[in-house]
Amino acid sequence: MAKDYYHILGVKKGASEEEVKAAYKSLAKKYHPDLNKEAGTAEKFKEVNEAYSVLSDKNKRQNYDRFGSEEGFNQQGFSGFGNFNMDDAFSIFESFFRGSPFGFSRGRQRGADLSYSMDISFEEAAFGAEKKIQIEKHEKCDACNGTGAENGELDSCKTCNGNGMVKKVFRTPFGIMSQAGPCPECRGEGSSAKVKCKKCHGSGKLKKTKNITIKIPAGVDSGSTLRMAGEGEAGERGTASGNLYIELDVKPHKLFEREGNEIYLEYPVTFAQAALGDEVKVPTLHGDVSMKIPAGTQTDTLFKLKGKGVPYADGGNGDELVKVVVKVPEKLSKKQRDLLEEFAGITREKLKPRKSIIGKMKDAFS
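These numbers come from a predicted model, not from an experiment.

A few words on the sheet that holds strand β8 (residues 225-228). Strands sit in the order β1-β9-β8 across an open sheet of 3 strands; the sheet is mixed. Looking at which strands have only one partner, the edges of the open sheet turn out to be β1 (114-120) and β8. With strand direction ignored, the average angle separating the axes of adjacent strands in the sheet is 25 degrees. Pairing of β8 with strand β9 (residues 244-250), which is carried by 4 bridges, proceeds in the antiparallel orientation. By the bridge assignment, Leu-226 is partnered in β9 with Ile-246. Sheet strands in contact with helix α2 (residues 17-31) are β1 and β9, and its direction is about 85 degrees off that of β1.

Spelled out as structure tokens, the structure:
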């Protein structure tokens, strides 16, 4: 019976991509072998990854919802005909079209894909980084090179005489028919081990903890996914391994906000700096830089620091936009109050309201 991937992730069948992702991230952290040493955690972690690899892929999820398997047509009943299923149907067609260009292939399956959720800093996302992780997975047995046979020695299968297929007669709604299917002894390989490998007991795979180095390119953002080819589960009897998908989650920065390759910063200045003008040191991802504040600068004025944002993949950097905010002091000394009152007397002027120009500054830089 197919696994209930929705039940494994704890979401409803109609769950959105965001709900599936959130459920996966929560469970992946809960059952990660590096964080949880309880018995059975590794298997649960693998099961969660398997469920997410299907439900996060649009095509696999559609097949799973329709047929109960991400591959489609896998072990599904053929409506109205009792125990006759789609495996039988494929085998019938295979027996008719064997050797034709319309024949069906039932080769060994490559290994399953794995997923891994990784938190990275704001700076690591901007400039790239190299991270090391540990994952527990099945690797090809080094003793038999994944064949499952001691010293890699294989014999022609006696059950199917080496052709990988066996025939059986069965009753269908169309009458008695002969079905050709993969040999249960060699699983369609046509050969089997002379002696099963002692190290992997004939499976061709061993469970290991592997250290993997992840190279994170500059400019990634939350939700970016990196593909590590061949770093998933080992395939059946030496076939290709699956892939490892690294999903990145960028931690927020204490100063900066990001939109694409642009960086936003709010910079406070005093009333005197805004009125008289000043030159200040402004933090950027690339280090502090000098920025001139012209006399008479109003609060919420935007300044652009060209090329001080996040690097582009094809070269160059985005910009940093600095919003200057004039801070009014909450407490004044007597001298400060006297000076301000003198200033107010000199510049006393009735200010008139005017139409809002919200958004004009931002539009100027878009």
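Attention shifts here to the environment of Val-310. Here Val-310 shows up in the loop between β14 (301-305) and β15 (320-327). Through-space distance from the C-alpha of Val-310 to that of Ala-218 is 8.1 Å; in sequence the pair is 92 residues apart. Those residues in contact with Val-310, other than ones at most four positions away along the chain, are Ala-126, Gly-219, Arg-258, Asn-261, Ile-263, Leu-285, Asn-317 and Gly-318.

For sheets, the rule is that strands pair by backbone hydrogen bonds, running either parallel or antiparallel. The mixed open sheet is built from 4 strands, whose spatial order is β10-β11-β15-β14. A strand with exactly one partner marks an edge of an open sheet, and here the two such strands are β10 (257-259) and β14. For this sheet the average axis-to-axis angle between neighbouring strands, irrespective of direction, equals 30 degrees. Both strand β11 (residues 262-270) and β15 contribute to a ladder of 8 bridges, which runs parallel. Note that in β15 the partner of Ile-263 across the bridge is Glu-320.

What follows covers the side chain of Glu-247. Within the secondary structure, Glu-247 sits in strand β9. Buried charged residue Glu-247 carries no salt bridge. Nearest counter-charge: Lys-21, at 4.1 Å. Polar side-chain contacts of Glu-247 include one of 2.6 Å to the side chain of Tyr-52. The residues touching Glu-247, leaving out its near neighbours within four places in the chain, are Lys-21, Lys-25, Tyr-52, Tyr-116, Ser-117, Met-118, Ser-224 and Thr-225.

Glancing now at α2. Over its 15 residues, α2 extends 21 Å from the first C-alpha to the last, a length consistent with the 21 Å expected when each residue adds 1.5 Å. What α2 keeps buried is the set Val-20, Ala-23, Tyr-24, Leu-27, Ala-28 and Tyr-31. The arc that holds every buried residue of α2, seen down its axis, measures 130 degrees, which confines them to one face. Those residues of α2 that are buried are in contact with α1 (5-9), α3 (41-55), α4 (58-67) and β1.

With the rule as written, the count across this model stands at 17 salt bridges. Between Lys-46 and Glu-233 there is a salt bridge, with the nearest N and O atoms lying 3.7 Å from each other. Taken together, the positions of Lys-46 in helix α3 and Glu-233 in the loop between β8 and β9 put the pair 187 residues apart, joining distant regions of the chain. Residue Lys-46 is classed as partly exposed on the basis of its relative accessible area of 26%. On the basis of relative accessible area, Glu-233 is assigned to the buried category, the value being 5%. Within the structure, one salt-bridge network assembled from shared partners comprises Lys-137, Glu-139, Lys-210 and Glu-231.

Conventions and cut-offs
By convention here, each chain's residues receive numbers from 1 onward along its written sequence. pLDDT decides what is reported in this predicted model: residues at 70 or higher carry local features, side-chain atom pairs at 80 or more are listed and counted, and totals for whole chains, interfaces and linings draw on all residues regardless. Heavy atoms throughout the structure, all of them, feed into the side-chain values; hydrogens and water do not. Only when DSSP finds a minimum of two bridges between them are two strands counted as paired. By definition, any uninterrupted DSSP run of H or I lasting at least four residues is a helix, any uninterrupted run of E lasting at least two residues is a strand, and each is numbered from the N terminus. All axes are obtained by fitting lines to C-alpha atoms, using only the stretch in contact for helices, and the reported angles, taken between N-to-C directions, cover 0 to 180 degrees. Contact between two residues is taken to exist if any of their heavy atoms lie within 4.5 Å; hydrogens are not considered. A 1.4 Å probe rolled over the protein chains alone gives each residue an accessible area, and that area as a share of the maximum for its type sets the label: buried under 20%, exposed over 50%, partly exposed in between. Note on charges: Lys and Arg go in the positive column, Asp and Glu in the negative column, and His and the chain ends are not counted at all. Any carboxyl oxygen of Asp or Glu that lies within 4 Å of a side-chain nitrogen of Lys or Arg is treated as forming a salt bridge with it. Under this definition, polar contacts are N or O atom pairs within 3.5 Å; protein pairs additionally need one hydrogen-donor-capable and one acceptor-capable atom, and for neighbouring residues in sequence, both atoms have to be side-chain atoms. Every helix has an expected span of 1.5 Å times one less than the residues it contains. Our arc is simply the arc of the directions from the helix axis toward the C-beta atoms.

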